[in-house]
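Commentary on secondary and tertiary structure
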Amino acid sequence: MATEIVITIGEGQVEVDINGAQGKGCHAIQEGFATAFAGKQTHVTRKREFNAPSIEKKKLNQ
Amino acid sequence: MSEYAQYEGEYNDRECLVNALVEQGYAREHIEVHETPQQLIDFQGHATHYLDPAGDKAEIIVRRRNVGGAANDLGFKKQENGKFAPIISRYDTGKHNTKWLTGLKDKYHEQVATKQARRMGLKLKSRTVVNGKVVVRYLKA
C-alpha cells in the first residue's frame, strides 16, 4: 500500500502528516520523512496517542 | 537608518535558501554565495560595523544595487548552529518586512520538502492552495 505524505505550508509554518502521524517544523520534513519511513518516528508524534498513557498512569496512581 | 539588525532564521540548507530568495524575486545571478562571510556595504558604499566591530559580514548577500533604491546590502549569516540568519538594515525593513520574511520562510519550506521528496524518490500526487496555505501531497510506493 502506498504511503501518503501531506505537507502543509503557510504563514511561516510547516506541518507534515504521514499516514496520520504528524510533525511540525522544518526538521519534521528534513528528518521526519526518513525517521518515519525507518519506523523510528523520533521527530514525528502520533495522533491519538497524546495523553493516553499518562491518563492511565494518573488513574493507577490515584 | 543603515543600522543592521539580525533576525532569527531556521535556514540550514543553503541551496534551498538561495532558491527561496529567487522565488521571492531576486535573480539568481544577483545572489552572492560565499564560503567565508563577506563584508556588507551600506547605501553610501561604506562597510558597516553595527553588529560586529570587525565588520558586518554574511555568506549569502544580495548587493544594495540589486535590492533597489537607496538600499543597503541584504545578508544571511551562518550561525554557530549552522543556520543562516537574515541581516537586514532598518531602512530596508519596509521591503524586507515581516510579510516578506514569512513568504521567504514558506518558499524555503517548500524547497526543503521538494528536495527531500526527490532524495527519497517520492511521487508528487498534487499541489494545491487551500485558504492561502500550500498543500503538497506525495506518494511513496
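Residues numbered from 1 in each chain as written. Chains lettered and ligands numbered in written order. Predicted model: local features only at pLDDT ≥ 70, side-chain atom pairs only at ≥ 80, totals over all residues.

1. Details of the overall build of chain A
- Within chain A, the secondary structure is distributed over three helices and four strands.
- By the burial criterion, 21% of the 62 residues in chain A qualify as buried. (Helix = DSSP H or I, 4+ residues; strand = E, 2+ residues; numbered from the N terminus. Buried ≥ 20, exposed ≤ 12 C-beta atoms within 10 Å, placed from the backbone.)

2. Let's talk about the overall build of chain B
- On a plain count of helices and strands, chain B comes out with three helices and seven strands.
- Counting helices and strands in the order they occur from the N terminus, chain B gives β-α-β-β-α-β-β-α-β-β.
- In terms of overall dimensions, chain B has C-alpha extents of about 55 × 30 × 25 Å along its principal axes.
- The buried share among the 141 residues of chain B stands at 38%.
- Relative to all contacts within chain B whose residues are 6 or more apart in sequence, the contacts with residues 24 or more apart total 52%. (Contact = placed C-beta atoms within 7 Å.)

3. Quick look at the interface of chain B and chain A
- With 21 residues of chain B at the interface, the matching set in chain A holds 16 residues.
- No other element matches the nine residues that helix α3 (residues 98-120) of chain B contributes to the side of chain B that touches chain A.
- Its residues placed into classes, the side of chain B that touches chain A shows 10 nonpolar, four polar and seven charged.
- Pairing of strand β1 (residues 3-10) of chain A with strand β7 (residues 133-140) of chain B involves seven bridges; the strand directions are antiparallel. Bridge pairing links Glu 4 of chain A to Leu 139 of chain B in β7 of chain B. (Nonpolar A, V, L, I, M, F, W, Y, C, P; charged D, E, K, R; others polar. Pairing = 2+ DSSP bridges.)

4. Things to note about the confidence of the model for chain A
Residues and elements named next belong to chain A.
- Of the residues in chain A, 52% have a pLDDT of 70 or more, and the chain-wide mean is 69.
- Ranking the elements of chain A by mean pLDDT puts helix α3 (residues 52-61) last, at 45, and β1 first, at 92.
- Note that residues 46-58 has pLDDT below 50 and, in this model, five contacts with residues that lie over four places away or in other chains. (pLDDT = per-residue confidence, 0-100.)

5. Points about the environment of Leu 122 of chain B
- Relative to the helices and strands, Leu 122 of chain B is located in the loop between α3 and β6 (123-130).
- Here Leu 122 of chain B falls in the buried class, since 21 other C-beta atoms lie within 10 Å of it.
- In contact with Leu 122 of chain B, not counting residues within four places along its chain, are Ile 5 of chain A together with Ala 117, Tyr 138, Leu 139 and Lys 140 of chain B.

6. Overview of the packing of helix α1 (residues 14-23) of chain B against α3 of chain B
All names here are of chain B.
- The interhelical angle for the contact between α1 and α3, taken along N-to-C directions, is 130°, at an axis separation of 8 Å. One element, α1, and the other, α3, form an angle in the oblique class. Where α1 crosses over α3, the handedness of that crossing is right-handed. Only Leu 104, Lys 107, Tyr 108, Gln 111, Val 112 and Lys 115 of α3 make contact with α1, whose side of the interface consists of Cys 16, Leu 17, Asn 19, Ala 20 and Glu 23. (Axes fitted to C-alpha atoms, helices over the stretch in contact; angles between N-to-C directions. Parallel < 35°, antiparallel > 145°, perpendicular 65-115°, else oblique. Left-handed = near helix turned anticlockwise from the far one by under 90°.)

7. Thoughts on α1 of chain B
Residue and element names in this part refer to chain B.
- Among all positions in α1, only Cys 16, Leu 17, Val 18, Asn 19, Ala 20 and Leu 21 are buried.
- Its buried side turned inward, α1 meets β2 (31-39), β3 (57-62), β4 (74-78), β5 (84-89) and α3.
- One or two residues past the end of α1 sits Gly 25, with phi positive at roughly 115°.

8. Things to note about the sheet that holds strand β1 (residues 4-6) of chain B
Residue and element names in this part refer to chain B.
- The sheet built from five strands is open, its strands ordered β1-β5-β4-β3-β2 with antiparallel pairing. The two strands at the open ends of the sheet, each matched to only one other strand, are β1 and β2. Recorded for the sheet is a direction-independent mean angle of 25° between the axes of neighbouring strands.
- Here five bridges tie β2 to β3, and the two strands are oriented antiparallel to one another. Across the sheet, residue Val 33 finds its bridge partner in β3, namely Ile 60.
- Running at roughly 130° to β2, α1 makes contact with β2, β3, β4 and β5 of the sheet.

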